[in-house]
Amino acid sequence: MSKRLLLADMHERHRALTPSIAGVYEEAASVCLSRHHAPPLDLTFSDNGTEDVGVVSWTPPNQRMIDAYANDTDTTEAGAYGCVIAGVEELRGLYAVRRAETGTGADYYIAPEGSGVNDLEDCLRLEVSGVSGGDRRDVAKRVIEKVKQARDGASCLPAVAGVVGFAARLLVLKDVWEDP
Amino acid sequence: VTWNEHHTRSEHLASEARELSRIGDRERAEALYAEAAEQETAAIQFVPEEKQKTRGITAVSAVALWYKARAFSRAEEVALAELSGKHVPVFAKRQLQELLQIVWSAQSL
């Protein structure tokens, strides 16, 4: 079965997303995708270098939504959260179980379905980034930056770096292994 | 009361705080971050010793939330208490040390 990026109702599957947060991520993703494309769109999924083509659908934003999401940086960030969280669900069967609180920023902890209720022993850290314009090379560059950032950071928990290229129609997941 | 109950309350409060912070209501955001930090700090006590990853993530979250509440002394206190424990996982030790540096920099301003 071909891959699908499911952006709708993510709060029903990801316990770290409330309905309002999931709604913002879905709307932001629709604005980001509509900057460059019309739905439905063929999207390349790359998981540790293995590529597969799938599809993403969304409702094109109306003018009110476009105005509400006029800040490109914030919208790209929120849209990336939506797409990458939906991507780890589709490619890895992992779900966002809580937001990672840090001093300077935040990403998510992800875990298999049913985990994260009584403890966080099965979780991985998810590092997210989004690239609005550019092509595959720009997305690849961002992946390298995110992997380096994850390796250099304070946490040595196993992590997954996830980057979506909205214009490049490419979603990349890359493992960042635990320090020896 | 369990780790999950405290932790879930903390997440909801932190989520509200982030929203208030986003719209520029810093004062109410900091008050809610403090409530979230209180819940996350309470959650630490309910983590069994063998669940080191859970304890580490919870402790780092608690310190980060105290920092976001601008309660620097509480952030320092929780971080130092965790770092003095016997079973701090390496990832949590590094993150707590980094957070302490951030807290001390903020305190010196």
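For the structure, see preceding data.
Residues numbered from 1 in each chain as written. Chains lettered and ligands numbered in written order. Predicted model: local features only at pLDDT ≥ 70, side-chain atom pairs only at ≥ 80, totals over all residues. Heavy atoms only, no water.

A.B. asks: Give me the lowdown on the overall build of chain B, citing residues and values where you can.
C.D. replies: Looking only at helices and strands, one finds five helices and zero strands in chain B. Scanning chain B from its N terminus toward the C terminus, one meets helices and strands in the order α-α-α-α-α. Computed over its C-alpha atoms, the radius of gyration of chain B comes to 13 Å, within 12% of the 13 Å expected for a compact globule of 109 residues. With the principal axes as the frame, chain B shows a C-alpha extent of 40 × 35 × 20 Å. Burial status across chain B gives 48% buried among its 109 residues. The long-range fraction of contacts in chain B, counting pairs at least 24 apart against all pairs at least 6 apart in sequence, stands at 61%. As displayed, chain B offers around 5600 Å² of accessible surface, 50% of which is attributable to carbon and sulfur atoms. (Helix = DSSP H or I, 4+ residues; strand = E, 2+ residues; numbered from the N terminus. Rg over C-alpha atoms; globule rule 2.2 N^0.38 Å. Buried < 20%, exposed > 50% of the residue type's maximum accessible area, 1.4 Å probe, protein only. Contact = heavy atoms within 4.5 Å. Areas by Shrake-Rupley, 256 points an atom, 1.4 Å probe, with all protein chains shown as cover.)

A.B. asks: Just give me the short version of the interface of chain B and chain A, but keep the residues and values in it.
C.D. replies: Each side of the interface is counted separately: chain B has 28 residues, and chain A has 24 residues. Carbon and sulfur atoms make up 51% of the area that chain B and chain A hide from each other, which totals about 2300 Å². There are five salt bridges connecting chain B and chain A. Notably, a salt bridge pairs R98(A) with E40(B), separated by 2.9 Å at the nearest N-O pair. Taken together, the connections running from chain B to chain A amount to ten residue pairs in polar contact (both at pLDDT 80 or more). With ten residues, the top contributor of residues to the side of chain B that touches chain A is helix α3 (residues 52-68) of chain B. Looking at side-chain class alone, the side of chain B that touches chain A contains eleven nonpolar, eight polar and nine charged residues. (Buried area = accessible area lost by both parts, 1.4 Å probe. Salt bridge = Lys/Arg side-chain N within 4 Å of Asp/Glu carboxyl O. Polar contact = N/O pair within 3.5 Å; in protein donor to acceptor, adjacent residues only side chain to side chain. Nonpolar A, V, L, I, M, F, W, Y, C, P; charged D, E, K, R; others polar.)

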